[in-house]
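Below, each chain spelled out in residue letters.
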Amino acid sequence: MNFVLDAQEKSLLEQIKTKLPEIGNDRSKLIPVLQLIQAKLAYLPAEAIHVVAAHLDISPSEVYGVATFYNQFRFHPPGKNAVKVCLGTACHVKGGDIILENFERKLEIKEGETTADREFSVDRVACVGCCALAPVIVVGETVHGHMQPSKVEGLVLRARIEKEKQEREKQQK
Amino acid sequence: MPKLVIDDREIDVAARTKVIEAAAQLGIWIPRFCYHPALGSVGACRVCAVKFIQGPVKGVQMSCMIDAQDNMVVSTTDEEAVDFRRHVIEWLMLNHPHDCPVCDEGGHCLLQDMTVAGGHGLRRYLGKKRTYTDQYLGPLLQHEMNRCIHCYRCSRFYQEFSGFRDLGVMRSANQTYFGRYENGVLESPFSGNLSDICPTGVYTDKPSRFFGRRWDYQRCPSICINCSLGCHTVASIKYREVKRQEARFSEAVNGYFICDRGRYGFFYAGLEERSRQAMVDGKEVPFDQAVKVLKEKIEEIGRGQGSEAIACVGSARNSIETQAMLQHVCQLKGWANPSYLMDRAITKKVKSAISRLEPELVVSLRQVEAADFIMVFGADPINEAPMLALAMRQARRDGAEIAVLDPRPISLPFRFTHLPVVLDDLSLYASALIKTAVGRDAVKELGQNATEFYDVIPDVAGNSYPVKEQISNLGEKLRSSQRPLIVCGTEIVRETTPQLAADLALFLRAAKGQAGLFYLMPGANAFGAGLFSRVEDSFEKTVEDIENGAVKALVLIENNPFWQFPNRLRLKQALDQLDLIVVFDYVNSVAAQKAHVFFPTTTLFESGGVFINQEGRAQAVPQALTGGIPIAQTGGGDHPPRVYGLGISGFEARTAWQILAELADLELHSEEKLRSKVWNWMIETIPGFAALPPIGELPDDGIRIELGAQPSARFSMEGITKGEDLAEKFELIPVEWTFGTEELSAHCECLRDLAGKPCIFMCRSDAEDLNLTDGDQLSIELDRGIIEAKLRAENDMASGTLVIPRHKDLDWQKMDNGRALVPKGRIKKIT
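Residues numbered from 1 in each chain as written. Chains lettered and ligands numbered in written order. Predicted model: local features only at pLDDT ≥ 70, side-chain atom pairs only at ≥ 80, totals over all residues. Heavy atoms only, no water.

Colleague: Hey, could you run me through the overall build of chain A in this one?
Modeller: Scanning chain A from terminus to terminus reveals seven helices and four strands. Each helix and strand of chain A, ordered N terminal to C terminal, gives the series α-α-α-α-β-α-α-β-β-β-α. Considering only C-alpha atoms, chain A reaches an extent of 50 × 50 × 25 Å along its principal axes. Relative to its 173 residues, chain A shows a buried fraction of 43%. Taking contacts inside chain A between residues at least 6 apart in sequence as the whole, the part at least 24 apart equals 65%. In the form shown here, chain A has an accessible surface area of approximately 10,000 Å², with 52% of it arising from carbon and sulfur atoms. (Helix = DSSP H or I, 4+ residues; strand = E, 2+ residues; numbered from the N terminus. Buried < 20%, exposed > 50% of the residue type's maximum accessible area, 1.4 Å probe, protein only. Contact = heavy atoms within 4.5 Å. Areas by Shrake-Rupley, 256 points an atom, 1.4 Å probe, with all protein chains shown as cover.)

If you want it as C-alpha cells, here you go:
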C-alpha cells in the first residue's frame, strides 16, 4: 500500500533533502542515507526511495533492492497502535499464530503492514519475555497476556472507540 | 595445464577452467541453472553437484565453483551426487507452480527437463507455496515471478553483463524478488535475452505468447539484418509465420546474446499489408503477365531512349545474390550501372572503409571484447549497432578505457570519456591523436609516405583546439595501451574520417605490434553494396540523371528511397518525371505504392541468402520457410482457410534475383542452379570474392572477405583542416536510433512504443543562447520546408549541432544532400 505523506513527513523529507549534499553522493553512502531517513520518518516511504535514487544517481530498484535486503528498514509507517504479536516458543505452542491471523483478518492487512488510516500496524516478534502469560501481544507499551482470538476484536474496538471519543472531545473544545 | 579425470576419462584443460566446463569439453553435460558460460559462476542453485573422489577437494561439491586441478578424480554419476541433485531439484520445485500446461516455457524449460531427468515426479511437500506479484515489464517480456528458482541469471545478465540497472534483486531469503522497483518498460535494449537465459518461465517472450510449444515450431538458423553486425539468430516458424527469434551462439560475431532490435525486428515478414501479388498499374495480375508487360515496357523505353535510360537501384538489405544478379543483368542488357547506396558520400565512405579493412587490422565483434583501449570516431554504438555496445562493455569490465569522439549525445552502459566535437573537426582530432599516441620512430617502418604524413599533422600543443588537453590525455593513454582498437562509423562522419581511423590503427599496429579496426556500416549488406558500387554510383546520382532526363525508367530492388532520401519533395518530383517505376520488394513501402509494375519478393526467411557484415564476413542464411500468407491471415484468425485452391495463397513471391533473371531472359534452370550460376559469375568477375567457396559451402561463422592491403589508399591529409567557424549556423545531422529509425524493425508493432517520441537534440548552452528550454516545441526552417519537433537540451553534445533521429513519425526529409546548415534565426519556438 502506498501511503500519502502527511504534512509533517513532507517537511521532514524536505529537511533531509537539504542535508543530503553534506553526506556526499558516493554509492557507498546508500545505507547511511536510508538509516537517516528511517531515523527521521520511522519508515522509508516511496518518495524517499526516489529521493535517494536521484541523490546517489542509481536506479530506484537498486535502492529498494538494498533496503529490502535488511530487516532494519520498514516500508510502512508505524500505526498509532503498534500491535506486536509474540510468536516465541511458548506463544507459538499456545497458538500465537492464531492470534496473529485474527489481527490480520480483523484489520485487513498482513503482518508487517499498516492500516490505511495509520491507526494499527501488526508485526510479529520473537519473544517479549513473559512466557508464563502466553500467548502474549504488546499494543504500544501495554502487554496483554493470555490472549484469545475473541479478545482481538475487543482490543481493536476499544482503540477505535477511544479515538472517536478523543475526536468528539476535540470538537467540543 | 591441469590434468584431471572426469567419469574415468582424462582431460587437459587450461588453468582456471571450472570443473563444469572441463566436463563440457568432454561432452559431459552437468546440470546447471545458475551457471552460464557468459555470466560465470555464483553457486546459487546447487544443482551442478558432483563427487570429488580424489584430489585437493573431496566429497560432494559444486562443479561450477571449483577450478580444475591436477590429480582430481571426479564422478558425475556417483550415487551420493545423483541423490544430492535429486533433492536439490525437489526443493527448487517446492514453491514452483504446477502451471507447465499454460506456461510458454514448457517444452524448452531447463527446470522442466531437469525435474523429469532427475526423477522427481511426485510432490511430497503439502504446505503453502510462496507467491509474488508480477510486474508489467513492457511489450517484449512477460513476467511471472512465482516460477522463479532464484538462479540470479537475470540480474547478473541485466546489471553485470549488460550494464543496465532498472531490473535487479530485491528483498532477501525466501522472499527474494527479481524485477523492477515499480511497473514499467525495461530500459535495456538487450532485455529480450532474459527470456533466453531464464532457466524457467519467469521471463517469456511476449509477442509469441500462447502461440506454440518449442516442438510446434520449425526452427531454423538465421541472421539478423537490422544492422550491419550480422548477429546469429534462430527463427521459429509456425503456420507460415515467423513468430519468434532467439539468439544463436556464434564464437565470432555475437556470442550468446542479441539485441532487441534484432530479436523482435522480423515482423515485417508476416505483415498483413505486405503485397503478395505482382501488380501492373495498381491492379493485381499473374506473375508471368507482369513479367511480360514489364519486358515490353522496358524494350519500348530502350528503343526510344537507349538502354542507358534504364537505371536500377539495389540496396544494403539485398542479399549478395541479388546484388550480383543485378550487376550481371545490367551488364548483359546494357542498362546503366546499378547503384546501391543512398548518396555519394556514403558510397565513398563505405568503399574506403572496405578498402582499408586490412587483414592484420580487422577484428570481429567478439574480438572487441579483448581490447584494452577503444577509441570511437563518429559512432553511437547503442543506437547504430547495439551489440557493439555490449561487446565494448565486456572490454570495459576487463579494464579497458573507452573514449568516444562524436557530436551526438552518447549514452552507453558503462563509463567512458565523451568528447563532443563537431563533425568538421573530427578528422583533425583523429590526426592529432596519431601524433600524440605514436612516436616518430615507429612510423618509419611504414615507409616514406607515412613519415611525410606524420610530419604534416598539425601539433596539438601549438594549436588552440578547445579540447586540446583531453586529446593529449587520450593520446597518452593510447600510447600506453597494449591492444588498442579503433571503432569508426561511416554514417554521419566526413569522408576523411574512416581513412584516418585506418591510418591511426596502422600506426598503432606499427608501434605496438597489435591494433584493431572496426567499422560500422549503413545496412546489413552495405559491405556487398560497397563492393559492387563504383565510386561515382549512388542513388543521389540516379536522381540527378532522372532530373536531367537521362533516365526514364527506374527499377528499385528492395529499396525504398522514401525512407532515407534527405529530400522527399525532390524525390517525389523526380519520380513523377519517370515513364516507368518498377519496384521489387517484400515490404509495402511508399515507393511500392508508386510503382507502375510491382513484384513481390521473398524475405531472407523465405529464400535465404548470403549477407556480408561490416567486417567483411560473408554469412549464409538458409531458407526457413516456403513462404505464403500466414494461416492466421488466410483464415481470419484461427479458422482454417475459407477459400480453397491449388497451391499456397500468397506464394507468388520470388527472390529478387530470380525475377531479375527472368527479365534478362537468362536460362531458367532450377533455383539452385541459377543461384550457383550467379554466385560463380560473381566469384570470377568481382575482385574480393575470389576466396569464397561454392555456394552452400560457407561455414556457419562465415568467411571473411579480404581484399588485402592497399598501400595507395593510406596516409592522406587531403581535406583535413579545422572546420570553419559556424558561429551563426547549426549543422543538422539526421541520425539513427535503436528503435524507430531502421526501416525493417520500424514495421514491428511491439517495438513501436520503445522508440520514444520524435525530438531534436541541441546542446544546452546553445539552447540557452536562443532562449529555449528543454521540452519546447521547435520549428526549424530549412530550404525545403519546416521540421517540427520537441527540443531536448543535452549537456553532453557538440555545440553548433542539431541532432535529429530519423524517426518514422517525424517528417524530417526536407534537406539537400550533403551538409545541412541552419542559420540561428531559422530556429524558433512554437508557442
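Now, onward.
Colleague: When you look at the sheet that holds strand 1 (residues 3-6) of chain B in this model, what are you seeing that I'm missing?
Modeller: Residues and elements named next belong to chain B. Spatial ordering of the open sheet is given by 2-1-5-3-4, a layout of five strands whose pairing is mixed. Only two strands of the sheet have a single partner each, and these edge strands are strand 2 (9-12) and strand 4 (59-62). For this sheet, the mean angle separating the axes of adjacent strands, direction not counted, is 35 degrees. Summarising the sheet, strand 1 and strand 5 (residues 73-75) pair through two bridges and their orientation is parallel. Within strand 5, the position partnered with I6 by the bridge is V74. (Pairing = 2+ DSSP bridges. Axes fitted to C-alpha atoms, helices over the stretch in contact; angles between N-to-C directions.)

Colleague: Would you explain the interface of chain A and chain B in this entry?
Modeller: Size of an interface: often given as the accessible area lost when the parts come together. Every contact between the two is made by 12 residues of chain A and, on the other side, 13 residues of chain B. Roughly 900 Å² is buried in total at the junction of chain A and chain B, and carbon and sulfur atoms are behind 58% of that figure. Ranking the residues of chain A by area buried against chain B places S61(A), E62(A) and Y64(A) at the top, with a combined share of 46%. If you look at where chain A meets chain B, you find one salt bridge. The partner of E62(A) in a salt bridge is R165(B), and the shortest N-O contact between them spans 3.1 Å. Our enumeration of links across chain A and chain B arrives at seven residue pairs in polar contact (both at pLDDT 80 or more). For the side of chain A that touches chain B, the secondary-structure elements that each account for two or more residues are helix 3 (46-56) and helix 4 (60-69) of chain A. (Buried area = accessible area lost by both parts, 1.4 Å probe. Salt bridge = Lys/Arg side-chain N within 4 Å of Asp/Glu carboxyl O. Polar contact = N/O pair within 3.5 Å; in protein donor to acceptor, adjacent residues only side chain to side chain.)

Colleague: Please explain the domain arrangement of chain B as it appears in this structure.
Modeller: Along its sequence, chain B is carved into domain 1 (3-93), domain 2 (126-270), domain 3 (348-519) and domain 4 (729-829). For domain 1 of chain B versus domain 3 of chain B, the distance between C-alpha centres works out to 43 Å. (Domains from an automatic or database assignment.)

Colleague: Looking at this structure, how should I read helix 25 (residues 656-663) of chain B?
Modeller: For the α-helix, the turn length of 3.6 residues means that residues three or four positions removed from each other point alike. Residues and elements named next belong to chain B. Most of helix 25 sits out of view: eight of its eight residues are buried. Taken together, the buried positions of helix 25 are A656, W657, Q658, I659, L660, A661, E662 and L663. In the core, the buried residues of helix 25 are packed alongside helix 7 (287-305), helix 8 (320-333), strand 21 (553-557), strand 22 (580-585), strand 23 (597-600) and helix 26 (671-685). Note on helix 25: the residue one or two positions beyond its end, D665, has a positive phi of about 55 degrees.

Colleague: What exactly am I supposed to notice about helix 7 (residues 149-172) of chain A here?
Modeller: Residues and elements named next belong to chain A. Look at helix 7: 36 Å from first C-alpha to last across 24 residues, which is about the 34 Å you get at 1.5 Å a residue. Among all positions in helix 7, only V152, L155, V156 and A159 are buried. Those residues of helix 7 that are buried lie in contact with strand 1 (81-86), helix 6 (96-107), strand 2 (120-125), strand 3 (137-139) and strand 4 (142-144). (Expected span 1.5 Å × (residues − 1).)

Colleague: Which parts of the structure should I look at to understand the side chain of T741(B)?
Modeller: Residue and element names in this part refer to chain B. Structurally, the position occupied by T741 is in the loop between strand 27 (729-735) and helix 27 (749-752). Judged by its relative accessible area of 1%, T741 is buried. Not counting chain neighbours up to four residues away, the residues in contact with T741 comprise W563, V735, E736, P805, R806 and H807.

Colleague: Help me out: how do you make sense of the sheet that holds strand 29 (residues 777-782) of chain B in this one?
Modeller: Working definition: the strands of a sheet are paired by backbone hydrogen bonds and lie parallel or antiparallel to each other. Residue and element names in this part refer to chain B. If you walk across this open sheet you meet the seven strands as 32-27-31-28-30-29-33, and the pairing is mixed. The strands lining the two open edges of the sheet, one partner per strand, are strand 32 (820-823) and strand 33 (827-829). The average angle at which neighbouring strand axes cross in this sheet is 35 degrees, direction not considered.

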